[in-house]
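Reading the structure
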Amino acid sequence: MKLIKTLKRLLLIFPTTLLILNTNDTIIAADNSNEKQLTFNNIITTSNGSIVKYTSNINNENYTLNLNINSKNLKKGYYTSNILSTASSNWANYGMISFDISNKSNSELRFNFVIRQANGTYLTVSNDKFVLIKKSNSNLLEKVSPSYGTISISKFFNGKIYIPFKNLGKEGLNKQDISYTVSEISSFGILETSAENEEKNFSLSNFKLIGFNSAILKKSNIDFSISGDDRVQIPVAGESIAPYKAYLPSKNEEINYKLEIPQKGVSIANDGILKIQTYVSPQKIKINAILRPSGIYVSKEISLYQSWTLSAKEVDGTSKSVPKANEVKSLLGTNYKFLLSSNVLNVMRIVLIIFALIPFILYFLWSKKIYK
């Protein structure tokens, strides 16, 4: 009887134990989840000239910050504005931060992400590193490196920015000095840079910390870049050819090349060969090298320029450039053009053939007469 009672107690305890174990597992999974939502509040704004205004609203627990930065009537130069959320927190369990950004301005937006550590060190994305950018209407991720300390996104851009913490370095340096461990932070936000007489309108929302085991962070570890000329000459005759190369990080990947904006007279083949035709005007183009199936791509901006010979002159004022076919004046008069026309030439060929055959015909007739 005692044994039966003991077994009954164990059966009653066992489901409860399973429930507790499952609950603990759930809690652990939640604590170590890949994402953690952040609230961008307790805002501090500073600037060395621009006027910074903002409004905020919460919609379904998503905090959105709407910003207006104005550098009108300021002296020629560049002005930096800081928009920071002050919040002491520990980010040691995360390797990346993401946020949504919507550029409502009719011009590009230049910014950088910034963290202020508890020890007072400011960290930003280094010029020799990169962020990942995802447009809202695309599943591809673009690797973009800062230029002169700022990341550029196009006018009316709407999408998401991913900042790997491994790409942060001390603010103001051209290259990452050392690898920093992001743990205790006192504030985070963005640095926006405007030239004089500009007005920027944009919004920030959906700040999230992303864990080390996330797929997006693993993709950011892929070493992938594109090499080739930054400038390509538009041909005076024929076509210009320029090779570009993106190196595969593994044998399981393949690369597709494409123009960011397709246009007539410019093409790039699957082997990375760019071709430019004579009638293309000077401009800047972008080519993309897309890594499949990872969905990461890198862009390269190329300046198309005209040959210096198009404007160069000889001592007598004539152009040094190679003339196009329709620009070459004919050295033949009207009579010569008539004589060299295809119809006249065909008649002359027939006459010559007849004259060439006459001796053979006469010989044939003569030999036939003799043997009679």
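Conventions used here
- Residues numbered from 1 in each chain as written.
- Predicted model: local features only at pLDDT ≥ 70, side-chain atom pairs only at ≥ 80, totals over all residues.
- Heavy atoms only, no water.
- Phe/Tyr/Trp six-rings, centres within 6.5 Å; stacked < 30°, edge-to-face > 60°.
- Helix = DSSP H or I, 4+ residues; strand = E, 2+ residues; numbered from the N terminus.
- Buried < 20%, exposed > 50% of the residue type's maximum accessible area, 1.4 Å probe, protein only.
- Lys NZ or Arg CZ within 6 Å of the ring centre and 35° of its normal.
- Salt bridge = Lys/Arg side-chain N within 4 Å of Asp/Glu carboxyl O.
- Core = buried A, V, L, I, M, F, W, Y, C linked by side-chain atoms within 4.5 Å.
- Contact = heavy atoms within 4.5 Å.
- Pairing = 2+ DSSP bridges.
- pLDDT = per-residue confidence, 0-100.

With respect to the packing of aromatic side chains
A complete count under the given rule lists eight aromatic pairs for this structure. Look at F188 and F207: their rings are 5.6 Å apart centre to centre, the planes differ by 65°, and that puts the pair in the edge-to-face class. You can see F188 sitting in strand β14 (residues 184–195) and its partner F207 sitting in strand β15 (residues 199–211), a full 19 residues away along the chain. Of the two residues examined, F188 and F207, each falls in the buried class. Taken together, F40, W91, F99, F111, F113, F165, F188 and F207 form an aromatic cluster joined through their ring pairs. Cation over ring: K143 sits above F130, and NZ or CZ is 4.3 Å from the ring centre. Seen from the ring of Y279, K264 lies directly overhead, with NZ or CZ sitting 5.9 Å from the centre.

Some points on unusual backbone geometry
Going from R292 to P293, the amide bond is cis rather than trans, its omega being 5°. Within the fold, P293 resides in the loop between β23 (283–292) and β24 (296–305). Unlike most non-glycine residues, N197 shows phi in positive territory, near 60°. By the secondary structure assignment, N197 is in the loop between β14 and β15. A positive phi angle is found at N206, which is not glycine, with a value near 55°. For N206, the position within the fold is in strand β15. On the basis of relative accessible area, N206 is assigned to the buried category, the value being 14%.

Looking at the pattern of salt bridges
Counted under the stated rule, the structure contains eight salt bridges. The partner of K284 in a salt bridge is E301, and the shortest N-O contact between them spans 4.0 Å. Taken together, the residues K284 in strand β23 and E301 in strand β24 connect sequence positions 17 residues apart. Overall, the relative accessible area of 44% leaves E301 in the partly exposed class. Sharing partners across several salt bridges, the network here consists of E108, R110, E198 and K200.

Details of the nonpolar core
With 39 residues, the main nonpolar core has W91, I97, F99 and F188 as its most contacted residues. In this view, F188 contacts L38, T39, F40, I83, L84, S85, W91, I97, F113, V114, I115 and F207; residues no more than four positions away in its chain are not counted. By size, the runner-up hydrophobic cluster in this structure holds 32 residues, among which are I255, I285, I296 and V298.

So, the pairing of strand β7 (residues 109–117)
Counting buried positions over the nine residues of β7 gives eight, a clear majority of the element. Sheet analysis places β7 next to β14, joined by eight bridges and oriented antiparallel. Within the sheet, the bridge partner assigned to Q117 lies in β14 and is I185. Hairpin connection from β7 to strand β8 (residues 122–125): four residues lie between these consecutive antiparallel strands, with G120 at a positive phi of about 95°.

Considering the environment of K104
Inspection of the secondary structure assignment puts K104 in the loop between β6 (94–103) and β7. The sequence separation of K104 and N68 amounts to 36 residues, and the corresponding C-alpha distance is 9.9 Å. Excluding anything up to four places from it in sequence, K104 contacts N66, F156, N201, F202 and S203.

Brief notes about the confidence of the model for the chain
Per-chain confidence: the chain averages 83 in pLDDT, with 81% of residues scoring 70 or above. Mean pLDDT across the elements of the chain bottoms out in helix α1 (residues 2–31) (37) and peaks in strand β12 (residues 158–164) (97). Counting contacts from residues 1–32, a segment whose pLDDT is below 50, to residues more than four positions away or on other chains yields one contact.

Observations concerning the pairing of β15
Along any regular strand the residues' side chains alternate between the sheet's two faces. Of all 13 residues making up β15, 11 are buried, and the element is well covered by its neighbours. Across three bridges, strand β1 (residues 35–37) lies against β15 in antiparallel orientation. Bridge pairing in β15 places E35 opposite I210. In terms of strand pairing, strand β4 (residues 62–70) meets β15 through seven bridges, oriented antiparallel. Looking at β15, one finds that L67 is bridged to F202. As judged from the eight bridges shared by β6 and β15, these two strands associate in the antiparallel manner. Counted as the bridge partner of D100 is S205 from β15.

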